[in-house]
Amino acid sequence: MRKADRNLGIIIISVIIVVIIQLIRMDYIIVWNRLENYINELKPEDLKVFNYYIEQADNTLLLYDETNSMVKENIEVQLNNLRVKYDSVNVKTQEVDFSGYQKVLISFSNWDLVDFGKLLSFVSDGTNLVIFSAPDTRSHNFLIYYRKVGIYEYGDFVQYDSYQMNEDILIGRKGKEYLWEEPFDGGLLVRLSEECKIYMTANKNLPVIWEIPFGKGKIIVYNGLNSESKLFRGILTGIIARAGECFVYPVINAKVFQIDDFPSPFIADSDKLKSLYGLDYSRFVNEIWWPDIVSTIRKYNIKYTGFIIGTYNDNVEPPFGFEDVIETNLLIYGRELVKYGGELGLHGYNHQPLELENSGHDFGYNPWKQMDNMIDALEHVKALIRKVYPFYNVCSYVPPSNILSEEGIQALKTVFPNLKAICARYQGEDYEYLQEFSVRSDGIVNFPRITSGYRYNSIDDFVMASGITSLGVISHYIHPDDIIDEERSRGLDWGGLLKELDKMLKDIDDNYKWIEAVTTAQAAVKTKKYFETDISFEKNQNGITIYCDKLYDYFDVMVYTEKPLKRNSRNIVKVSDNYYLVRLTKNNTVLSFED
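Just so it is clear, the model here is predicted, and its values are computed rather than measured.

Colleague: In this structure, what is going on with the pairing of strand S14 (residues 304-309)? I would like to understand it.
Modeller: The side chains of a regular strand alternate between the sheet's two faces. With six of its six residues buried, S14 lies for the most part within the structure. Residue alternation in S14 divides its side chains into two sets, Tyr304, Gly306 and Ile308 and Thr305, Phe307 and Ile309, and both sets are buried. Where strand S13 (residues 254-259) and S14 come together, three bridges link them in parallel fashion. In the sheet register, Phe257 faces S14, and the bridge partner there is Tyr304. Pairing geometry for S14 and strand S15 (residues 343-348), over five bridges, is parallel. Directly across from Phe307, in S15, lies its bridge partner Gly345. Following the chain from S14 across helix H9 (residues 324-339) to the adjacent parallel S15, one finds a crossover that is right-handed.

What follows is the structure in structure tokens.
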């Protein structure tokens, strides 16, 4: 009897062990943990509002010409992001009064549109002037005043084939040279007076950004033509920061890496993979690509968000279904992704953009006949995810081919009520769903992708550094199948692409270690705080006081100062020459200058 009991016990224990192994294989460890994407909602009861927050008067005047509204609009977006209080004046239709402003910004080339002599008298008395466009040499005022802004001699307009960073106009990029494959900008050929401090040059020695003292004030000139571009907001930020002795502005502080079409069925065929590795696409992902991506996670502290595709069929009408392989891939790679701190988002039921057939667009995709079909397809992919991960809430979405309609967003909200972020393109073609970093009226965060791919050339470096400087954001995405696409791989094998990716990640790790690695859903929460919280600051001879309104647990700001700060707190981190990342945890934070 005792022997029988012992045998029964062994059998029970064996069954329990088998069940535990199966549960682990089926990802029930994640189920038990009830993973919810690390989302800590911003709750009104956690909000700290302070009555003695200092509301500062408008201290900046932006002068614009209505014939080039794109420059004005781009500068205004960044001024709002930087929390600069400003007034905009149309110089062709409104009277200009310079009194009371600490900074005056000119967004046009024709100096005849403003009383330049009167403006310079204000600069002499302490106003700082920023010129955001290469000057028009045909204007009468330019011929009179060009030497006042530091130009000793000038010639024709030239195109720029390179930039050289003499200073950290872009954070962490002092000494960096950018070589363009084709001209990226252009400006006036100039020689400057010895009084000028040159921040950036082009074509080895042509001044692009410089500063010259003028009485009690200063003048900063951007001798370029790209002030209307989102990609130049880092340059705009670096210039605005220097239009005074110190400057404080908010940053999102988020390093986000995303993988489109992952997990997915992995059913593509590739002669290139068979020739190079003797593998089909599915085995390449499993045996080579994913292990190498995991190595980047461990080496460089990356949190990848993978965006699921359920199927690559072109169906936009029911019935909707899946290949069996997607469930297995979702189980295997989803578990691994989450295990390493990542997130599962949605790329779509299939790769057909969520746009109705009456949109008037023709993108080469199958349009959806009605929103109910979109909802039905999305319900199917939600059921698939819930089957594998019953408690997992999808919180982020990437539109296929960066195409998305408002009807598509409504369908997404219907099926995925926990949706926190939509991630499309920051800059691209007019037909695409282009985004600003922002919060929609329904609370969903627009968190666009700024850079993409494995290749890391000058333009990628520049654009990434611009996003870091202007917003404190790295937002980058890749695909598992980039090696198959000749345009995206540019002829490199996986070893070459991985080497390029490693070069990028090492550069980020060496120069921007301060940026916090987060998932897309976590970045959405940070972005909400970025837009809800307001700041102002005051400088005196001893330091800087930063005031904060609508503060939650913490808020990150970037401080530019020509006087070094005492780093007497772990919340003060020097990130580059003259730049400090400061984490605010109370309504007023006092920063002291070094003695």
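There is more to say, and it comes next.
Colleague: What's the story with empty space enclosed by the protein in this structure? I'm lost.
Modeller: The gaps of empty space that remain are located by a probe, the size of a water molecule, rolled over the atoms. If you walk through the whole model with that rule in mind, you get four cavities of 30 Å³ or more. Of the voids in this model, the largest cavity is the one considered here, and its volume is about 60 Å³. The wall of the largest cavity is formed by Val251, Ile252, Lys526, Lys529, Tyr530, Tyr554, Phe555 and Asp556. Residue contributions to the lining of the largest cavity peak at three residues, all from helix H15 (residues 520-532). Residues that form the lining of the largest cavity fall into these classes: five nonpolar, no polar and three charged.

Colleague: Please clarify how unusual backbone geometry should be interpreted in this entry.
Modeller: As a rule of thumb, non-glycine residues mostly have phi less than zero, and peptide bonds are mostly trans rather than cis. Residues Phe262 and Pro263 are joined by a peptide bond in cis, for which omega reads -5°. Considering the arrangement of structural elements, one finds Pro263 in the loop between S13 and helix H7 (271-277). Between Pro318 and Pro319 the backbone carries a cis peptide bond, its omega angle lying at 10°. Of note, the phi angle at Arg83 is positive, near 65°, even though the residue is not glycine. Here Arg83 falls in the buried class, since its relative accessible area comes to 15%.

Colleague: Just checking my understanding: could you explain the sheet that holds strand S24 (residues 555-561) for this structure?
Modeller: The strands that make up a sheet pair up through hydrogen bonds in the backbone, lying either parallel or antiparallel. Read from one edge to the other, the open sheet built from four strands follows the order S12-S24-S26-S25, with strand pairing classed as antiparallel. The sheet terminates laterally at strand S12 (246-250) and strand S25 (572-576), the two strands that pair on one side only. Between one strand axis and the next, the sheet turns through 25° on average, direction left out of account. As defined by bridge partners, S12 adjoins S24 across five bridges and the pair is classed as antiparallel.

Colleague: Looking at this model, I keep getting lost on helix H8 (residues 281-300). Mind explaining?
Modeller: The α-helix advances 3.6 residues per turn, and as a result positions three or four apart in sequence lie on the same side. Maximum bend of H8: about 35°, positioned at Trp289, with proline Pro291 one to four residues after it. With its phi angle positive at about 55°, Asn301 sits one or two positions after the end of H8.

Colleague: Quick question: what am I supposed to make of the sheet that holds strand S27 (residues 588-592) here?
Modeller: Taking strand neighbours across the sheet as the criterion, the three strands line up as S22-S23-S27 in an open arrangement whose pairing is antiparallel. Edge positions in the open sheet fall to strand S22 (534-539) and S27, since each of these has one partner strand only. On average, adjacent strands in this sheet sit at an angle of 20° to one another, irrespective of strand direction. Taken together, the five bridges between strand S23 (residues 543-549) and S27 define a ladder with antiparallel strand orientation. Across the sheet, Ile544 pairs through a bridge with Leu591, a residue of S27.

Colleague: I would appreciate a short explanation of the packing of H8 against helix H14 (residues 494-511) in the present structure.
Modeller: A pair of packed helices is characterised by two quantities: the angle between their axes and the separation of those axes. At a closest axis distance of 11 Å, the pairing of H8 and H14 adopts a crossing angle of 15°. By the angle class used here, H8 and H14 are roughly parallel. Crossing of H8 against H14: the hand is right-handed. Only Trp494, Leu498, Leu501, Asp502, Leu505, Lys506 and Asp509 of H14 make contact with H8, whose side of the interface consists of Phe284, Ile288, Trp289, Asp292, Ile293, Thr296, Lys299 and Tyr300. Taken together, the residues that form the contact of H8 with H14 break down as nine nonpolar, one polar and five charged.

Colleague: How should the pattern of salt bridges be read in this particular structure?
Modeller: Pairing between side chains of opposite charge can happen when the charged atoms of each approach one another. Enumeration according to the criterion identifies 39 salt bridges in this entry. A salt bridge links Asp502 to Lys299, with the shortest nitrogen-to-oxygen separation between them at 3.2 Å. With Asp502 in helix H14 and Lys299 in helix H8, this pair connects stretches of sequence that are 203 residues apart. A residue is classified by how much of its surface remains accessible, and Asp502, at 25% relative accessible area, is partly exposed. Relative accessible area serves as the criterion here: at 51%, Lys299 is assigned to the exposed category.

Colleague: Quick question: what am I supposed to make of the packing of helix H3 (residues 69-81) against helix H6 (residues 233-242) here?
Modeller: Contact pair H3 / H6: the axes reach a minimum separation of 10 Å and the direction vectors enclose 60°. Where H3 crosses over H6, the handedness of that crossing is right-handed. Residues Asn74, Ile75, Val77, Gln78 and Leu79 of H3 pack against Arg233, Leu236, Thr237 and Ile240 of H6. Of the residues in the contact of H3 with H6, the class split is five nonpolar, three polar and one charged.

Colleague: Hey, could you run me through the nonpolar core in this one?
Modeller: The nonpolar side chains of a soluble globular protein tend to be buried with one another. Grouped together as the largest cluster of nonpolar side chains are 186 residues, with contacts concentrated most on Leu63, Trp289 and Tyr304. When residues of this core are assigned to their parent elements, the largest contribution, 10 residues, is made by H8. When neighbours within four sequence positions are excluded, Trp289 is seen to be in contact with Ile259, Phe262, Phe284, Tyr454, Ile478, His479, Pro480 and Trp494.

Scoring rules and cut-offs
Residues numbered from 1 in each chain as written. Predicted model: local features only at pLDDT ≥ 70, side-chain atom pairs only at ≥ 80, totals over all residues. Heavy atoms only, no water. Buried < 20%, exposed > 50% of the residue type's maximum accessible area, 1.4 Å probe, protein only. Helix = DSSP H or I, 4+ residues; strand = E, 2+ residues; numbered from the N terminus. Pairing = 2+ DSSP bridges. Right-handed = clockwise from strand over helix to strand, strands pointing away. 1 Å grid on protein atoms, 1.4 Å probe; cavity = no way out; pocket = protein on both sides within 12 Å on 5 of 7 lines; lining within 4 Å. Points joined across faces, edges and corners; volume = space filled by probe spheres on them. Nonpolar A, V, L, I, M, F, W, Y, C, P; charged D, E, K, R; others polar. Axes fitted to C-alpha atoms, helices over the stretch in contact; angles between N-to-C directions. Bend = angle between axes of the 7 residues up to and from the residue. Parallel < 35°, antiparallel > 145°, perpendicular 65-115°, else oblique. Left-handed = near helix turned anticlockwise from the far one by under 90°. Contact = heavy atoms within 4.5 Å. Salt bridge = Lys/Arg side-chain N within 4 Å of Asp/Glu carboxyl O. Core = buried A, V, L, I, M, F, W, Y, C linked by side-chain atoms within 4.5 Å.

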